[in-house]
Amino acid sequence: MTAFPFSAIVGQDDLREALLLAAIDRSIGGVLAFGDRGAGKSTAIRALAALLPEKDAAVVDLPLGATEDRIVGALDLEAALVQGEKKFQPGLLADADNGFLYIDEVNLLEDHLVDILLDVAASGENIVERDGLSVRHPARFVLVGSGNPEEGELRPQLLDRFGLAVDVRTPTDLADRMDIVRRRDAFEQDREGFAAEWAGRDAEIARRLVEARAGLSDVETPDSVLEKAATLCIALGTDGLRAELTLMRAARAKAALEGDKTVELGHLRAIAPAALRHRLRKDPLDDTDASVRVERAIEETLTP
Amino acid sequence: MNGLIGRQVGVTPGVGSGVDTSVGSHPSDSADIGAAVWRRAERMAAALTVDPGGLGGIWLRAFPGPVRDVWRQELHRLWTEDASMKSAPAHADIERLAGGLDLAATLAKGAPVLRRGVLAEADGGVLTIKMAERLPPSTAGILASALDEGVIRVERDGFSKAEPARFCLVLSDEGVGPDETAPTLLRERLAFAIDLAPVSVREAKPFDLTGADVAAARERLTRISPSPDIEKAIAAAGPALGAPSPRAHFFVLRAARALAALRGAEAIEAVDAAAACDLVYALRATASPTSDETEAPEPPAETAPDNSDNIPSRDQSQNQSDASQPLDSQSDASQTPPDDALQNPTPDEVSDLIVAAARAGTVAFSQAGDLDRRRMRRLRAAGRGGAAGRSKTSGRPKGARPGDSRGGGRLDLLATLRAAAPWRKLRPAPLAPQPIRVYPSDIRIKTYEQKAAASVIFVVDASGSAALGRLAEAKGAVERLLQDCYARRDWVSVVAFRGRAAEMLLEPTRSLVRARRSLAGAPGGGGTPLASALLEAGRLAEAETEKGRTPMIVILSDGRGNIDLSGAPGRDAAAADEKRAARRIAADGASVLFFDTGARPSPRAKDLSAALGADYTPLPYADSRKLAAIVGRETQSVKRARQ
């Protein structure tokens, strides 16, 4: 089925940029889109799938009803029943290797499936020991999730797996809202026609994406920027190296996307909220929104 | 999830004060409400049939009975004969809904055969989920993504397939009380919501429309587009009504188009937009969780000259009939006098009209909700619905293990066949009618994970001078508990009591975000209506038990209640009421922790604690850390005892 064009999405700049950055540098580690219902989270993510260059592995959907055997892979029943042969049927993790694994309503995913994801996402390898099979295969995927925190919170370990986290808010601007509805309506009336109308703009974004990927390795990161990134992480008390690594990778991808050869403070400032907001330790007595805390720390530390 | 009705309770009094009296003093009005609700239900059914893809479906709150049956019958009648009409219970297996291995066919054929799920079977028709208030979140998530994509992805039992699943979803909700409703996740994705409670059997007449009307409207549908004025008015109405979701806005546009098509028009007019806003926003206007917060700006004065508190009820029925004009015009056009505002409206007037129409709908529904609650109370008094017992063979399936089915285990047929399948060629050929030979070593037993969720109900004394400190500590404890609640799957709610009655401060939730929002700025001081709080806690515990959670009531009080259940001051009457409420809780078997927050342990608190069958702990200096630790430990042990 034809997807909604990426370029036709109104607003959601943060989410769109985060998705592009994760596609430019897969090692950033995926995107979590958390926020208001009906704000178009899944639309944006599915739109990315249509945009990605064809040689990329697909965006694989992990539906909530998936069974464990389909996720990790299992005995090929067909081969077993028909030929009496013991054969491995690869699962969604194998399909998603080199691609994206998308989970809508990720906070509703069953615990035992979350466990599997955590394990595989950490090791980049899927080890199957079931049905008398013993198989291991690479499973390096970019994890993309969406959900609404009011339905239930995400397990902290899984939260940490996401490189970037975006707060998706319902647009309040009247003109934007009208555009959203108008485009959605046009799309529903004639999907192919609407997609064709936007194909040019989508292709332009795809071209930027490919160029950014190619230019990524040439982007230099000055020590001064590295230092600033470290200072920011310390100021926010984000544990571990993951925060700092993600911060640097995302800033570099941002520079590449802009066509710049050097990472600058501006890049760092632009991506820091998405890279850090979900890594803050929660203080039960502090009501301050995580995004606000990050913004504040950015103001304090990331000045020239 | 309970936001909708819970919030409505909060919103209604202001609106209702003008309305309730009218219902009381003019009995005929209550009949009018029933008829008006039924008209709305008819329009919703018609619009859904015309544009099921654009509108998603309907949340139908109604008890089983002839009214609901007539509505569903009539809905089905409007669809073409070959459209598929499917229904499934909320507890249906995911395999049945999404699709999975068809064992019989697989064995017959000797190769895996996919059995289509109900979602795929319902493609192009109507899918009714019965008792939707019981839908588990994961099933709701599957339905939600099918609604979003029009496709059901089967990734089960070795199959990987995407099948078209574009259906009109009817969430048939028999929930009792505000605690039991179909998941928000799904309700939000449906254009319409209606509560049929006020409709009497007499009022539930067959629709005037025919399938041919609908077919003609469908035919017209794609040609109809809104004028820029109408488009703008629709866009402005959402935020003014406190429903900021673009999804709802989109539904209004689609509903307006469907209504215009049904009217036989070639363009969306103000009447269509107003009626569509009324139908879509009536519930959302108060339903949106953010409706009373920053995102919902107060409507500008000129848009809403009437404060919603005092829209006279006459005006509402006026607006109601205006809004229902499109469909009623053939049958009772004479009843509705032509309205000048509708003939040639300016954009601003259109906007006013729409907002007013939706407001009226909101009021009408609030009344419906009240009636609903009254009826429910009676039903409740008559007898209690089955609180689910837990057996060894229930819980979340967690795969299979080798073994035999003696000792109460449940055979996992599929896993057993899977185990046997690879050996087929190696083993002796099966006897004639059997397609496959199963050896004892192949037998697999289903295993279930029984992670009983606990539901911790905090009952916090917010009266008197120490109130603020106590509330703050309780709030801290709630947040601490919620922090690790994901791992433990515990729910937390807060009932605070002060003044004349107890108040539900936080509905059961697992969301830290929601807890913070609800607990911010809770007031303190005044009398001590402990009896009312116990009653509320008992009621909540019962509701939680029905949902399969294990309630644990945590009381923070010095036990010195001085307001009785009628809200009158008086120590003795209060004590007697407290005892009664306590005995009821004890009889229900809920676990209770009583923290005596008095400066020194009081005999009265100990007494009450004994009547509750509670664990009594003196805690003169409540501190959230200690509280969270004790409660966390106790819930764990209660859960273990349950398993």
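If you're wondering where the values come from, they're calculated on a predicted model, not measured in any experiment. (Residues numbered from 1 in each chain as written. Chains lettered and ligands numbered in written order. Predicted model: local features only at pLDDT ≥ 70, side-chain atom pairs only at ≥ 80, totals over all residues.)

J.: Account for the overall build of chain B, with residues named and values stated.
T.: Secondary structure assignment for chain B yields 25 helices and 17 strands. The burial tally for chain B puts 51% of its 643 residues in the buried class. Expressed as a percentage of contacts within chain B between residues at least 6 apart in sequence, the contacts between residues at least 24 apart total 78%. (Helix = DSSP H or I, 4+ residues; strand = E, 2+ residues; numbered from the N terminus. Buried ≥ 20, exposed ≤ 12 C-beta atoms within 10 Å, placed from the backbone. Contact = placed C-beta atoms within 7 Å.)

J.: Summarise the overall build of chain A; cite the residues concerned and give the values.
T.: Per the secondary structure count, chain A includes 13 helices and 9 strands. Across the 304 residues that make up chain A, the buried fraction comes to 49%. Here the analysis covers contacts within chain A between residues at least 6 apart in sequence; of these, 77% occur between residues at least 24 apart.

J.: Help me get a handle on the pairing of strand β15 (residues 550-557) of chain B, residues and values and all.
T.: Residues and elements named next belong to chain B. Among the 8 residues in β15, 8 count as buried, and that is most of the element. In β15, alternate side chains face the same way, and those of Thr-550, Met-552, Val-554 and Leu-556 on one face and Pro-551, Ile-553, Ile-555 and Ser-557 on the other are all buried. With 7 bridges connecting them, strand β12 (residues 454-461) and β15 associate as parallel partners. Bridge pairing links Phe-458 to Val-554 in β15. (Pairing = 2+ DSSP bridges.)

J.: Report on the packing of helix α22 (residues 530-546) of chain B against helix α23 (residues 571-588) of chain B, specifying residues and quantitative values.
T.: Relative orientation and spacing of two packed helices are given, respectively, by the angle between their axes and the distance between those axes. Residues and elements named next belong to chain B. Taken N-terminus to C-terminus, the directions of α22 and α23 make an angle of 15°; their axes are 8 Å apart at the nearest point. By the criterion of interaxial angle, the relationship of α22 to α23 is roughly parallel. When the axes of α22 and α23 are compared, the crossing they make is left-handed. Taken together, the residues of α23 that come into contact with α22 (itself represented by Leu-530, Ala-531, Leu-534, Leu-535, Ala-537, Gly-538, Ala-541 and Glu-542) are Ala-574, Asp-577, Glu-578, Ala-581, Ala-582, Arg-584, Ile-585 and Asp-588. When grouped by side-chain class, the residues that make up the contact of α22 with α23 number 10 nonpolar, 1 polar and 5 charged. (Axes fitted to C-alpha atoms, helices over the stretch in contact; angles between N-to-C directions. Parallel < 35°, antiparallel > 145°, perpendicular 65-115°, else oblique. Left-handed = near helix turned anticlockwise from the far one by under 90°. Nonpolar A, V, L, I, M, F, W, Y, C, P; charged D, E, K, R; others polar.)

J.: I'd like a rundown of the interface of chain B and chain A, residues and numbers included.
T.: Note on interface size: it is often stated as the accessible area lost on association of the parts. Residue-level contacts link 59 residues of chain B with 54 residues of chain A. Among the elements that make up the side of chain B that touches chain A, the one with the highest residue count is helix α8 (residues 137-149) of chain B (7 residues).

J.: Can you tell me about the packing of α23(B) against helix α24 (residues 603-612) of chain B, naming the residues and giving the values?
T.: All names here are of chain B. Taken N-terminus to C-terminus, the directions of α23 and α24 make an angle of 35°; their axes are 7 Å apart at the nearest point. Residue-level contacts link Glu-578, Lys-579, Ala-582, Arg-583, Ile-585 and Ala-586 of α23 to Leu-608, Ala-611 and Leu-612 of α24. Its residues assigned to classes, the contact of α23 with α24 comprises 6 nonpolar, no polar and 3 charged.

J.: Describe in detail the nonpolar core, supporting the description with residues and values.
T.: Of all hydrophobic cores here, the largest spans 190 residues; its most connected members are A:Leu21, A:Leu164, B:Phe192, B:Ala255 and B:Val280. What B:Ala255 contacts, discounting residues up to four positions off in sequence, is B:Ala47, B:Leu55, B:Ala191, B:Ala276, B:Leu279 and B:Val280. Counting residues in each nonpolar core, the second largest holds 57 residues, with B:Ile457, B:Ile555, B:Ile585 and B:Ala628 among its members. (Core = buried A, V, L, I, M, F, W, Y, C linked by C-beta atoms within 7 Å.)

J.: How would you sum up the sheet that holds strand β2 (residues 59-61) of chain A? Please name residues and give values.
T.: Residue and element names in this part refer to chain A. Within the open sheet, the 5 strands sit side by side as β2-β5-β8-β1-β9. Their pairing is parallel. Each having just a single partner strand, β2 and β9 (164-168) make up the two edges of the open sheet. Taking each pair of neighbouring strands and ignoring which way they run, the sheet shows an average axis angle of 20°. Bridge count for strand β5 (residues 100-104) against strand β8 (residues 142-147) is 5 bridges, and the pairing is parallel.

J.: Any chance you could break down helix α6 (residues 111-123) of chain A for me, citing the residues and the numbers?
T.: All names here are of chain A. Helix length check: α6, at 13 residues, gives a terminal C-alpha distance of 19 Å against a target of 18 Å (1.5 Å per residue), a fit within 8%. Along α6, the residues that are buried comprise Leu-117, Val-120 and Ala-121. Buried residues of α6, seen end-on, are gathered within an arc of 100° and therefore sit on one face of the element. On its buried face, α6 is in contact with α5 (92-95), β6 (125-130), β8 and α7 (156-161). (Expected span 1.5 Å × (residues − 1). Arc of directions from axis to C-beta.)

J.: Would you mind going over the sheet that holds β12(B) in detail, with residue names and values included?
T.: All names here are of chain B. The sheet built from 6 strands is open, its strands ordered β14-β13-β12-β15-β16-β17 with mixed pairing. Where the open sheet ends on each side, the last strands, each with one partner, are β14 (501-509) and β17 (615-618). Averaged over all pairs of adjacent strands, the angle between their axes in this sheet comes to 15°, without regard to strand direction. Across 7 bridges, β12 lies against strand β13 (residues 491-498) in parallel orientation. Its bridge partner lying in β13, Val-456 is registered against Val-492. Packed on one face of the sheet, α22 meets β12, β13, β14 and β15 and runs near 160° to β13.

J.: Any chance you could break down unusual backbone geometry for me, citing the residues and the numbers?
T.: Leaving glycine aside, a negative phi is the common case for residues, and trans is the common case for peptide bonds. Residue and element names in this part refer to chain A. Positive phi values are uncommon outside glycine, yet Gln-12 reaches one of about 55°. Locating Gln-12 in the fold gives a position in the segment before α1 (13-24). For Gln-12, a count of 24 C-beta atoms within 10 Å gives the class buried. Phi angles above zero are rare outside glycine, and Glu-105 is one such case at about 55°. Tracing the backbone through its elements, the reader meets Glu-105 in the loop between β5 and α6.

J.: Report on the environment of B:Gly632, specifying residues and quantitative values.
T.: All names here are of chain B. With respect to the helices and strands, Gly-632 occurs in helix α25 (residues 624-642). Here Gly-632 falls in the partly exposed class, since 18 other C-beta atoms lie within 10 Å of it. Measuring from C-alpha to C-alpha, the distance between Gly-632 and Ala-477 comes to 9.7 Å, with 155 residues separating the pair along the chain.

J.: I'd like a description of the environment of A:Asn148, backed by residues and values.
T.: Residue and element names in this part refer to chain A. Along the chain, Asn-148 falls in the loop between β8 and α7. Judged by the 24 C-beta atoms lying within 10 Å of it, Asn-148 is buried. Measuring from C-alpha to C-alpha, the distance between Asn-148 and Val-168 comes to 9.4 Å, with 20 residues separating the pair along the chain.

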